[in-house]
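Listed here are the chains, written in short residue letters.
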Amino acid sequence: AWVQLAYGAHHDAITGSESDQVYLDLLTGWRDAWDLGVAARDNALTLLSSVVDGSIVVWNSLAHNRTDVVTARLSEPLGRGCRVLDADGVEVSALVEHDGRSVTWLARDVPSLGWRAYRLVAADAGSGWKPLPGNEIANEHYRLTVDPSRGGAVASLVELAGGTELIAPGRFGNELAVYDEYSAHPRSGEGPWHLVPKGPVAGSTASAAESVQAHRGPLGQRVVVRGSIGDTVRYTQTLTLWDGIARVDCQTTIDEFTDADKLLRLRWPCPVPGALP
């Protein structure tokens, strides 16, 4: 695995933000390194987990204790729902999705280089996401607001501890932008693999979102946005605030892309003092 990573560490790969073809050429080697590393890790954790009493063992490889969400994906559901019990038999709140095949909960204070064990037991019903009115979600750390009239982009993200607005004034976060590109480098003529935008730019904030729906679940809140940029891009964006976690989870899925020589970017205009563009 390290041989593959070292082979892919030449200057084109390190500074390849200008050249997507370099990444395409190196994907096979990087996938090989990933597969080798994952196999070694999984085999080791399977052996270690076999001596821990619990149906699910959550490991923490970091040098500090960690609290974070954990998702177990089951090939077959235990029942219509699922309950999660910690090592002391205390039930913890769980989010059950995909007909019981996905169970998510908050693993608290998993020790550094250690583990916590949990048991999953069948239940008559599970708790999932329920519709929430409005375009705002929040937890104890952040308050996030999207604007349906601007493609569902983030109009406000406030850090509640200091009341700080993290989105630049007059701008929108989580915005998708489509740039026209040259089919080949306009000066060096080295081929079509360079990322050389020529403009203009079409953004997701130029039109209203197709749908915006907030949800509340047993572990937090989320908002799901669906929209399009002209006839080129259709997208789904999910922003989640988990209770107890000082992080905004963002997922963007490109459902359809029907063009060529286009560069797709996602923009978060955060006013960081002293930062360069």
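The following refers to the structure shown. Keep in mind it's a predicted model, so treat the numbers as computed, not measured.

Brief notes about the sheet that holds strand E15 (residues 211–217)
What holds strands together in a sheet is hydrogen bonding between their backbones, with the strands either parallel or antiparallel.
And then number 1: The 5 strands lie next to each other as E8-E15-E16-E17-E18, forming an open sheet whose pairing is antiparallel. Two strands close off the open sheet at either side, each with one partner strand: strand E8 (130–132) and strand E18 (249–257). Across the sheet, the mean angle separating the axes of adjacent strands is 25 degrees when strand polarity is ignored.
And then number 2: Relative to strand E17 (residues 233–242), strand E16 (residues 220–229) runs antiparallel, the two being bridged by 10 bridges. Residue pairing for E17: glutamine 221 is matched across the bridge by leucine 241.

Re the sheet that holds strand E11 (residues 153–159)
And then number 1: Pairing within the open sheet is antiparallel, and its 4 strands lie in the order E9-E10-E11-E12. The open sheet has two free edges, formed respectively by strand E9 (136–138) and strand E12 (164–165), since each of these has just one partner strand.
And then number 2: Sheet topology note: the strand E10 (residues 142–147)/E11 ladder contains 6 bridges and is antiparallel. Opposite leucine 144, over in E11, you have leucine 157 as the bridge partner.

Regarding the pattern of salt bridges
And then number 1: The tally for this structure, following the rule as stated, stands at 10 salt bridges.
And then number 2: Here arginine 247 ties to aspartate 68 by a salt bridge, and the two come within 3.0 Å at their closest N and O atoms. Placement of arginine 247 in the loop between E17 and E18 and of aspartate 68 in strand E2 (residues 66–73) is noted, with a sequence separation of 179 residues between them.
And then number 3: The residue aspartate 180 makes a salt bridge to lysine 262 at a minimum N-O spacing of 2.3 Å. Here lysine 262 lies in strand E19 (residues 262–267) and aspartate 180 lies in strand E13 (residues 175–181), a separation of 82 residues in the sequence.

As for the nonpolar core
And then number 1: Leu144, Val154, Leu157 and Val223 are the most contacted members of the largest nonpolar core, which totals 21 residues.
And then number 2: Contributions of two or more residues to this core are made by E10, E11, E13, E15, E16 and E17.
And then number 3: Broken down by element, this core gets its largest block of residues, 4 residues, from E17.
And then number 4: Not counting residues up to four positions away in its chain, the partners in contact with leucine 157 are Tyr142, Arg143, Leu144, Thr164, Glu165, Leu166, Ile167, Val248 and Trp268.
And then number 5: By size, the runner-up hydrophobic cluster in this structure holds 16 residues, among which are Val70, Ala94, Val103 and Trp105.

Quick notes on the rules
Residues numbered from 1 in each chain as written. Predicted model: local features only at pLDDT ≥ 70, side-chain atom pairs only at ≥ 80, totals over all residues. Heavy atoms only, no water. Pairing = 2+ DSSP bridges. Helix = DSSP H or I, 4+ residues; strand = E, 2+ residues; numbered from the N terminus. Axes fitted to C-alpha atoms, helices over the stretch in contact; angles between N-to-C directions. Salt bridge = Lys/Arg side-chain N within 4 Å of Asp/Glu carboxyl O. Core = buried A, V, L, I, M, F, W, Y, C linked by side-chain atoms within 4.5 Å. Buried < 20%, exposed > 50% of the residue type's maximum accessible area, 1.4 Å probe, protein only. Contact = heavy atoms within 4.5 Å.

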